[in-house]
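As a plain string of letters, each chain reads:
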Amino acid sequence: VAWQMAIMRPDDANVAGNVHGGTILKMIEEAGAIISTRHCNSQNGERCVAALARVERTDFLSPMCIGEVAHVSAEITYTSKHSVEVQVNVMSENILTGAKKLTNKATLWYVPLSLKNVDKVLEVPPVVYSRQEQEEEGRKRYEAQKLERMETKWRNGDIVQPVLNPEPNTVSYSQSSLIHLVGPSDCTLHGFVHGGVTMKLMDEVAGIVAARHCKTNIVTASVDAINFHDKIRKGCVITISGRMTFTSNKSMEIEVLVDADPVVDSSQKRYRAASAFFTYVSLSQEGRSLPVPQLVPETEDEKKRFEEGKGRYLQMKAKRQGHAEPQP
C-alpha cells in the first residue's frame, strides 16, 4: 500500500475555497503511478515506468477545503499479463477538529513501459490474492474496461468548433479551450506527460465551461471513465477542449477532448490523446446545490449528444437507486 499526505493550499482551490477536482485527480494518479511502478520493478528484469491507461468513473463524495489535509492511499487489486489495476482512496482531515471524511474512491489502470524502449510494454509480475474470488472479480473488471476502451475510440475524429456571437445557454456559448506547451515538469522519466497533469488540465477546462454556463460557484461532482488513447511527448502543444452535452435540473455534463500536436516532429500529425465526461454541480454561497440553466442544443449533433448524456444520467441515477435499468 502506498500513502501520501498533502495540505490543501489556496492555489489548489477555487474562489469559494473548494479544492479543484483536478488537484485531487492529480494526487490520485501520482499515488497510483508510484505503487504500480514499484510493483512492476519488484522482480529482476528490464526496468520500467507504469503509464496511466484509464481511470474508471469516480465520484467526488464531499468537498475538500483549503487548510484540510488530504490522505491518499493506493492498493493493487488486480494484475493481468500487461496491466495493473490500482484502487485509491482519498480522505480529507480537518486538522483543527481531527474530523475525517472520505472524499474519493478511484480505480486506475496502468501499463508498464520499458525505460529502454517506450513502445515496449513489459509483463507485470503477478499479485498474490488473499481469496480466489478476488482474481475472478478482477478479471471481469479487466475485460469490461478493455471493451469500453475500444468503444470510445470511434469518437476520436470529433472536434470542437468555435462559433461567433453565440446565444446564452447554448453549447457554443460556454465551450472553452486551453492550449498548453508540454514542458519537462509535466513529464515522467520517459519524457511523456503524467496522466495526472492531463486530468488536472481537463478538469480546469470543464470547470470553465460549467462556470460560463451557470455563472455561479461550481464543483466537480463526478468524472466518467477517462481513456488515454495515446501518449503525449514533451514539446507537444496540447489543446484541451470542453463543451456542454447535457443538463439535468441540478447537474451539467461536459465532454472534454485532448488533442496533441507534435510541433517539433513534422512527420507526425495532430492526434486525439484522451477524452472524458465530467459532471459539475452549481453551489450557492452557503454550499447548497442550485438549479442550473437548461442547455439549449441547436444542431442535430448537439441534440444527439444531449440524448446520449441524458441516457448516461438516467443510468447512473438508476444505479444509485439500486436498479439495474433506468425506470420510465
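Since we're looking at a predicted model, the values are computed, not measured.

Cut-offs applied
Residues numbered from 1 in each chain as written. Predicted model: local features only at pLDDT ≥ 70, side-chain atom pairs only at ≥ 80, totals over all residues. Heavy atoms only, no water. Helix = DSSP H or I, 4+ residues; strand = E, 2+ residues; numbered from the N terminus. Polar contact = N/O pair within 3.5 Å; in protein donor to acceptor, adjacent residues only side chain to side chain. Buried < 20%, exposed > 50% of the residue type's maximum accessible area, 1.4 Å probe, protein only. Phe/Tyr/Trp six-rings, centres within 6.5 Å; stacked < 30°, edge-to-face > 60°. Lys NZ or Arg CZ within 6 Å of the ring centre and 35° of its normal. Salt bridge = Lys/Arg side-chain N within 4 Å of Asp/Glu carboxyl O. UniProt positions renumbered as here; feature names shortened; annotations may be inferred. Axes fitted to C-alpha atoms, helices over the stretch in contact; angles between N-to-C directions. Parallel < 35°, antiparallel > 145°, perpendicular 65-115°, else oblique. Left-handed = near helix turned anticlockwise from the far one by under 90°. Contact = heavy atoms within 4.5 Å. Nonpolar A, V, L, I, M, F, W, Y, C, P; charged D, E, K, R; others polar. pLDDT = per-residue confidence, 0-100.

Draft legend 1. Spotlight on the side chain of arginine 272. Position of arginine 272 relative to the elements: it lies in strand E12 (residues 271-283). There is a polar contact of 2.7 Å between the side chain of arginine 272 and the side chain of aspartate 259.

Draft legend 2. Representation of unusual backbone geometry. A positive phi angle is found at asparagine 169, which is not glycine, with a value near 70°. Of the residues examined, asparagine 169 reaches a relative accessible area of 26% and is grouped as partly exposed. Even without being glycine, lysine 215 reaches a positive phi, approximately 55°. Position of lysine 215 relative to the elements: it lies in the loop between helix H4 (195-214) and strand E8 (217-223). By relative accessible area, lysine 215 is classed as exposed at 58%.

Draft legend 3. Main features of the environment of glutamine 134. Tracing the backbone shows glutamine 134 in helix H2 (residues 132-152). Linking glutamine 134 and tyrosine 78, residues 56 residues apart in sequence, is a C-alpha distance of 7.8 Å. In terms of polar contacts, glutamine 134 uses its side chain to reach the backbone amide nitrogen of arginine 131, at 3.1 Å.

Draft legend 4. Layout of the packing of aromatic side chains. Counting across every chain of the model gives six aromatic pairs. A ring pair is formed by tyrosine 78 and tryptophan 109, whose centres lie 6.4 Å apart and whose planes are at 70°; its orientation type is edge-to-face. Taken together, the residues tyrosine 78 in strand E4 (residues 69-79) and tryptophan 109 in strand E6 (residues 100-114) connect sequence positions 31 residues apart. When sorted by exposure, tyrosine 78 lands in the same class as tryptophan 109, which is buried. Taken together, a centroid distance of 5.5 Å and an interplanar angle of 45° make the contact between phenylalanine 246 and tyrosine 313 tilted. Taken together, the positions of phenylalanine 246 in strand E10 (residues 237-247) and tyrosine 313 in helix H5 (residues 300-320) put the pair 67 residues apart, joining distant regions of the chain. Given the relative accessible area of 27%, tyrosine 313 is considered partly exposed. In textbook terms, an aromatic cluster arises when at least three aromatic residues are bridged by ring pairs, as seen for Tyr78, Trp109, Tyr129 and Tyr142. Stacked on the ring of phenylalanine 192, the Lys or Arg lysine 231 has its end atom at 5.7 Å from the ring centre. One cation-aromatic arrangement involves arginine 312 over phenylalanine 277; the distance from NZ or CZ to the ring centre is 3.9 Å.

Draft legend 5. Just the pattern of salt bridges, in detail. Tallying each qualifying case throughout the model produces 18 salt bridges. Linking arginine 243 and glutamate 255 is a salt bridge whose minimum nitrogen-to-oxygen distance equals 2.9 Å. With arginine 243 in strand E10 and glutamate 255 in strand E11 (residues 252-261), this pair connects stretches of sequence that are twelve residues apart. The exposure classification of arginine 243 matches that of glutamate 255, with both residues buried. Ionic pairing is found between aspartate 259 and arginine 270, a salt bridge with its closest N-O pair at 3.7 Å. Remark: arginine 270 occurs in the loop between E11 and E12 and aspartate 259 occurs in strand E11; sequence separation between them is eleven residues. Judged by its relative accessible area of 46%, arginine 270 is partly exposed.

Draft legend 6. Here's a closer look at the UniProt feature "domain: HotDog ACOT-type" (unreviewed entry) in the protein. In the numbering used here, UniProt assigns the "domain: HotDog ACOT-type" (unreviewed entry) feature to residues 1-116 and 172-286. Across residues 172-286, helical content stands at 20% and strand content at 43%; the span's end C-alpha atoms are separated by 30 Å.

Draft legend 7. Highlighting the packing of helix H1 (residues 21-40) against H4. Viewed as axis vectors pointing N to C, H1 and H4 meet at an angle of 170°, and their least axial separation amounts to 8 Å. Looking at the two axes, H1 sits roughly antiparallel to H4. Of the two possible hands of crossing, H1 and H4 adopt the one that is right-handed. For the pair formed by H1 and H4, the contact residues are Gly21, Gly22, Thr23, Leu25, Lys26 and Glu29 on the first element and Gly195, Gly196, Val197, Met199, Lys200 and Asp203 on the second. A class-by-class count of the residues in the contact of H1 with H4 yields three nonpolar, five polar and four charged.

Draft legend 8. How the structure looks around the confidence of the model for the protein. Within the protein, residue pLDDT values average 91, and 96% of them lie at 70 or more. Here residues 324-328 is a poorly scored stretch, pLDDT under 50, and it has four contacts once near neighbours within four places are set aside; other chains count.

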